[in-house]
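Report on the structure
The primary structure of each chain is shown beneath.
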Amino acid sequence: MHNGDNAPLILVDGSSYLFRAFHGLPPLTNSKGQDTGAIYGVINMLKSLVKEYSPSHVAVVFDAKGKTFRDDIFPEYKANRPPMPVELSSQIAPLHEIVEAMGFTLVIEPKVEADDVIGTIAKKASEQGQHCIISTGDKDMAQLVNEHVTLINTMTRTTLDVAGVEEKFGVAPDLIIDFLALKGDKVDNIPGVPSVGDKSAVAMLNGIGGIHEIYNNLEKITALSFRGSKSMAAKMEEHKEQALLSYKLATIVTDLNLTLTKDDFLLKTPDKAKLKKLFAEFEFKKWLAEVSDNTESYFAEDSKDDATGDTLDDVHDFKKGDYQTVLTSEAFDDLVSILSAEELIAVDTETTSLNYMQAELVGFCFAIPSGKAWYVPVAHDYPDAPEQLERNYVLDRVKPLLESNTPKKVGQHIKYDQNVLANYGVSINGIANDTMLASYVLNSTATRHDMDSLALKYLGHKCISFEEVAGKGAKQLTFNQVPLEVASDYAAEDAEVTLALHDKLTSLLIAQDNLIDVLKEIELPVSNILAKMEQTGVLIDSQKLNQQSQDLATEILRLEKQVHELSGESFNLGSTKQLQRILFEKMSLPVIKKTPKGAPSTSEEVLQELSNDYELPALIMQYRGLSKLKNTYTDKLPLMIDPKSGRVHTSYHQAVAATGRLSSSDPNLQNIPIRSAEGRQIRTAFVPRPGYKIVAADYSQIELRIMAHLSKDAGLLDAFKRGEDIHKATAAEIFNVPASDVTPDQRRSAKAINFGLIYGMSAFGLSRQLNIPRSDAQSYMNVYFERYPGVKKYMESTRVDAKETGYVSTVFGRRLYLPDINASNGARRAGAERAAINAPMQGTAADIIKIAMINVAQWIDSLPNEDEVYMIMQVHDELVFEIKESMVEPHTAKVVTLMETAVELSVPLIVEAGVGSNWDEAH
């Protein structure tokens, strides 16, 4: 803490934080739909700043409206930036009002940028020997750093002094302007010198001097050892005028005629009456409570208020003095005795890798509810590392504790720890909670669900970050190389934070209807099943994939040649700029959509629309699709085969998709195409172990069935109960013909409507999908709603309920919060309304297949021979198994029965199962 005369003068770059808060944080609105996220982000940062530095003098500086002198000398300055969206501009005036009411001095100077105001004040303070801290996220400010001036980024909690600037940029602060002038700045549209990047700029500046010295000594460039140095002098000469203009644009003005003195920046007493009114208007509940109760904790850092109503009503007291490093067998025996006597403990592992198949155990972390935490290192092997307990000794002693159902265990993403320990023959039983999943069930969209984010949000505590103990980037250490004196605090804190999060999140979940049941009865059991599936892995035929890669390469070359012939020239199909030139300049194709920077878009959606009328976009789409398959799957999958198991082990993610659906990575199994022949070819490489068959069991039209259940529409319910082809039945209703007379085109249109409505598709979207006039699409939808009025009523009531509560629910009580449901921006609000319609169906489908997985896994565990059935994949609404050939028929029938009876809806659930010698055959 700093106080009195020694306290630094703090200059806050308000505009930098305003943009970063708006673009970097999830959108936040109050109940009236007013955007509040940027206000929240900046105010929280200011409160954090005051808490950390206890300053006596603070200036919060914002850009003024209108153009600056830089626009006068270079009209293209910052031209890359799109106009400020109304969602942000609407927050600026109230933010200024709150900043002043908090007691800060607000500074806004016309015709100059906030940087120039800060630069002038900092220079004056520096000349007087005053320690000055500039709080900003803007790298340009590094030019102001000197022995008296330090930069801090309060959002990322990083600091830059003179040495820090040199380490980050490769040059001293007095060369930062030259650095920016040479390499340019895309964000501010400072042109720089073409072909000059970070390395060449650093080489020239450190080898010759600043930009003016470089232009006086261009002949010295060729002697410097960087790529392209031989031709760089000519490029520098050619673009001299541009480089000198860039230097002028990048220079922060430090001699403005400001009448402000340090006394003007004295931090004043907050105007609590005004703050009370403003915090009530913008619905910052915690902050409102602080100013209403006349507490002195007004500047304490807070976590975000949101629709869950969770506020930091208590702050956990973390006592690092209670952390112990266990290095002797006596201390370890005492620890095992202590843990064994507890009802609940936190468990965590420290390892060498995020890849659970390759990770080696480096240490165990444990904590108990009293606040005590321990780190048991077993494999720190840096030079002069203290002697530690032998890994196998610790594993042998801890195995009975972990495999017993008591004490109960709590972890953060404990599935990872289960997988790592499985490689050592150790299981974790008696899992009472996973704090990652608890946060996800409480509110899947409120925050990221990693420990650092959860600790800040729910406990008001900043964890020691991995980067703080292991470093960053290429120099980052693996945990076994981290010195024990820092590793122990980091590891033990992990365990203590996990227990504190368990307490906090459990109480929040219990306060919400059904949510604790979603966690305990669905997510936690599924996590155990996924751990087993991940350990089992999938068998891949690498030879088949290698052949597919060769075939794809041939076809990709053929398509490339065809594209070049059709366009009349060779060009790089992977270059967006070159593709834009060919399609929209040379070929004069219509511009369907533009990028935020105003260039014609070449997105998948645009190419799809153009391909209805033009051959070239269709070929480019084929090229892109095949290239993606080759790069993502046929080339990579063989490299992912684990050398120990001979199988590929994906990672399933429970806390990513907002609706409750599982996703997967390394490899992503959810995105292997099934509609294209090439995608199905990839699936042929997923094969069973010898003596087994692949069985794929897939829920049929599950989201449509859930729509029938939720909407209670009599027509839909009746069609499903009679086992009709639902698309044919819908077509018969819409086109007013007998079902037997429905044409394939009519069925296709009905299918597009059935599925489109689930995703909130408009008549415009339907018209594009079916390539029909919008009026016809609207007519189809009108008839649909006439025939199925329950669906329309359900959709309307769901929108209304979502606007009132801020969330929608699945059949089983899972919630999806919709922060944009009352947004002032029409596009964001419409997106939230579409999500409100779809999320209950997609979320319910996700819950159903998870419940089915739990039932199927229990049945597999009950089999006399555990090797008869392996559940190996979950992809969308499908479960994939390896089943012993002799048991395929009865076991497939059992799987189908268990899936169809997983839950009881108003319509029957239908599961289609297939058997094959590979995954594709099983469809």
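Here, residues in each chain are numbered from 1, in the same order as that chain's written sequence. Local features in this predicted model are restricted to residues whose pLDDT is 70 or higher, and side-chain atom pairs enter the listing and the counts only when it is 80 or higher, whereas totals over whole chains, interfaces and linings include all residues. With hydrogens and water stripped out, all remaining heavy atoms of the structure feed into the side-chain values.

Examining the overall build of the protein chain
Short version of the rule: By the criteria applied, helices consist of DSSP H or I runs no shorter than four residues and strands consist of E runs no shorter than two, each listed in order from the N terminus. Only protein chains enter the accessibility calculation, which uses a 1.4 Å probe. A residue is then buried if its area is under 20% of the maximum for its type, exposed if over 50%, and partly exposed in between. Any two residues whose heavy atoms approach within 4.5 Å are treated as being in contact. In these tables, accessible area is a Shrake-Rupley quantity obtained with a 1.4 Å probe, and a residue counts as shielded only by the protein chains included in the view. Counted charges follow a simple rule, with Lys and Arg positive, Asp and Glu negative, and His plus the chain ends left uncounted. Here the site of a charge means atom NZ of a Lys, CZ of an Arg, CG of an Asp or CD of a Glu.
Within the protein chain, the secondary structure is distributed over 35 helices and 22 strands. Overall, the protein chain is about 85 × 80 × 65 Å in size when its C-alpha atoms are taken along their principal axes. Counting over 923 residues, the protein chain shows a buried share of 53%. Counting contacts in the protein chain only where the partners sit at least 6 residues apart, residues at least 24 apart contribute 67% of the total. As displayed, the protein chain offers around 40,700 Å² of accessible surface, 50% of which is attributable to carbon and sulfur atoms. Charge-centre separation for the protein chain: the mean point of 94 positive side chains lies 5 Å from the mean point of 128 negative side chains.

Side note on the packing of helix 1 (residues 14–24) against helix 4 (residues 86–101)
Our working definition: Only the contacting stretch of a helix is used when fitting its axis, a line to C-alpha atoms as for every element, and angles between N-to-C directions run 0 to 180 degrees. Just so you know how the angles are binned, under 35 degrees is roughly parallel, over 145 roughly antiparallel, 65 to 115 roughly perpendicular, and the rest oblique. Here is the rule for handedness: rotate from the far helix to the near one, and if that takes an anticlockwise turn smaller than a right angle the crossing is left-handed, while a clockwise turn gives right-handed. The residue classification treats Ala, Val, Leu, Ile, Met, Phe, Trp, Tyr, Cys and Pro as nonpolar and Asp, Glu, Lys and Arg as charged. All others, Gly included, are polar.
Running from N to C, helix 1 and helix 4 point in directions that differ by 135 degrees, and their axes come no closer than 11 Å. As judged from the angle between their axes, helix 1 and helix 4 are oblique. By crossing handedness, the relation of helix 1 to helix 4 is classed as right-handed. Of the residues in helix 4, those in contact with Leu18, Phe19 and Phe22 of helix 1 are Glu87, Leu88, Gln91, Ile92 and Leu95. Its residues assigned to classes, the contact of helix 1 with helix 4 comprises six nonpolar, one polar and one charged.

Thoughts on the packing of aromatic side chains
Counted only if it meets this: Aromatic rings from Phe, Tyr and Trp, with only the six-membered ring used for Trp, were paired whenever their centres fell within 6.5 Å, and each pair was classed as stacked if the ring planes differed by under 30 degrees, edge-to-face if by over 60, and tilted otherwise. Only lysine NZ and arginine CZ atoms are considered, and such an atom sits over a ring when it is within 6 Å of the ring centre and within 35 degrees of the ring normal.
For the structure on display, the rule yields 19 aromatic pairs. Centre to centre, the rings of Phe364 and Phe366 are 5.7 Å apart; their planes meet at 20 degrees, and the pair counts as stacked. As far as the burial class goes, Phe364 and Phe366 line up, both buried. Every member of this aromatic cluster is reached through a ring pair, and the members are Tyr40, Phe279, Phe282, Phe284 and Trp287. When the ring centre of Phe169 is taken as reference, the NZ or CZ atom of Lys168 above it lies at 5.7 Å. The side chain of Arg689 reaches across the aromatic face of Tyr692, ending 5.6 Å from its centre.

Side note on the pairing of strand 12 (residues 431–434)
Stated formally: Any two strands with at least two DSSP-identified bridges between them are counted as paired. Every crossover in which the path from the first strand over the helix to the second runs clockwise, viewed with the strands pointing away from the viewer, is termed right-handed.
Two elements, strand 11 (residues 408–411) and strand 12, share three bridges in a ladder whose sense is parallel. Bridge pairing in strand 12 links Lys409 to Ile431. Handedness of the strand 11-helix 16 (residues 414–422)-strand 12 crossover: right-handed.

A closer look at the packing of helix 16 against helix 21 (residues 515–536)
Running from N to C, helix 16 and helix 21 cross one another at 40 degrees; their axes reach a closest spacing of 9 Å. With respect to helix 21, the axis of helix 16 lies oblique. Taken as a pair, helix 16 and helix 21 cross one another with a handedness that is right-handed. Facing helix 16, whose interface residues are Lys415, Gln418, Asn419 and Ala422, helix 21 presents Ser527, Asn528, Leu530, Ala531, Glu534 and Gln535. Broken down by class, the residue content of the contact of helix 16 with helix 21 amounts to three nonpolar, five polar and two charged.

Digging into the side chain of Asp877
Where we set the bar: Polar contacts, as counted here, are pairs of nitrogen or oxygen atoms within 3.5 Å of one another; within protein the pair requires one atom able to donate a hydrogen and one able to accept it, and residues that are adjacent in sequence qualify only if both atoms are side-chain atoms.
Position of Asp877 among the secondary structure elements: in the loop between strand 20 (869–875) and strand 21 (878–884). Within the local environment of Asp877, its side chain forms a polar contact with the side chain of Arg661, the two groups lying 3.4 Å apart. What Asp877 contacts, discounting residues up to four positions off in sequence, is Arg661, Ala697, Asp698, Tyr699, Ile702, Ala845 and Ile849.

Describing the confidence of the model for the protein chain
The line we're drawing: The pLDDT value tells you how sure the predictor is about a given residue, anywhere from 0 up to 100.
Averaged over the protein chain, the pLDDT score is 88; the fraction of residues at 70 or greater is 94%. Ranking the elements of the protein chain by mean pLDDT puts helix 3 (residues 69–73) last, at 62, and strand 11 first, at 98. Taken together, the stretch residues 294–298 has pLDDT below 50 and engages in eleven contacts with residues farther than four places along the chain or on a different chain. Across residues 300–315 the pLDDT falls below 50, and counting only partners more than four positions away or on other chains, this stretch makes 57 contacts in the model.

As for the sheet that holds strand 8 (residues 344–351)
Pairing is mixed in the open sheet, where six strands are placed in the order 7-10-9-8-11-12. A strand with exactly one partner marks an edge of an open sheet, and here the two such strands are strand 7 (323–325) and strand 12. Neighbouring strand axes in the sheet, compared pairwise and without regard to direction, differ in orientation by 25 degrees on average. Here helix 20 (residues 484–510) sits on the sheet and contacts strand 7, strand 8, strand 9 (361–367), strand 10 (373–377), strand 11 and strand 12; the angle it forms with strand 8, its principal contact strand, is near 140 degrees.

Let's talk about the sheet that holds strand 20
Spatially, four strands are ordered 20-21-17-22 in an open sheet, and the strand pairing comes out antiparallel. Looking at which strands have only one partner, the edges of the open sheet turn out to be strand 20 and strand 22 (911–916). Along the sheet, successive strands turn relative to each other by an average axial angle of 20 degrees, direction set aside. As judged from the six bridges shared by strand 17 (residues 692–699) and strand 22, these two strands associate in the antiparallel manner. Residue pairing across strands places Ala697 opposite Ala913, the latter belonging to strand 22.

Some details on the nonpolar core
So the rule is basically this: Residues belong to one nonpolar core when they are buried, are Ala, Val, Leu, Ile, Met, Phe, Trp, Tyr or Cys, and are joined through side-chain atoms within 4.5 Å.
With 109 residues, the main nonpolar core has Phe686, Tyr699, Tyr784, Met871, Met873, Phe881 and Met899 as its most contacted residues. Looking at which element gives the most residues to this core, the answer is helix 34 (residues 826–862), with 13 residues. Sequence-distant contacts of Phe881, defined by excluding residues within four places in its chain, comprise Lys693, Ile694, Val695, Val856, Ile860, Val869, Tyr870, Met871, Ile872 and Val895. One finds Val149, Tyr215, Ala233 and Leu258 within the second-largest nonpolar core, a separate group that totals 55 residues.

Points about the pairing of strand 21
Across the seven residues of strand 21, six count as buried, placing the element largely inside the fold. Once strand 20 ends, the chain turns through two residues before running back antiparallel as strand 21, passing His876 with a positive phi of about 55 degrees.

Description of the pattern of salt bridges
The condition that has to hold: Salt-bridge detection follows one rule: a side-chain nitrogen of Lys or Arg within 4 Å of a carboxyl oxygen of Asp or Glu.
On inspection of all chains with the given rule, the structure shows 29 salt bridges. Close ionic contact of Glu403 with Lys399 constitutes a salt bridge, the shortest N to O distance being 3.2 Å. Here Glu403 and its partner Lys399 are both found in helix 15 (residues 391–403), four residues apart, which amounts to about one turn of the helix. What makes Glu403 partly exposed here is its relative accessible area of 28%. One network of salt bridges, in which partners are shared, links Glu523, Arg814, Asp847 and Lys850.

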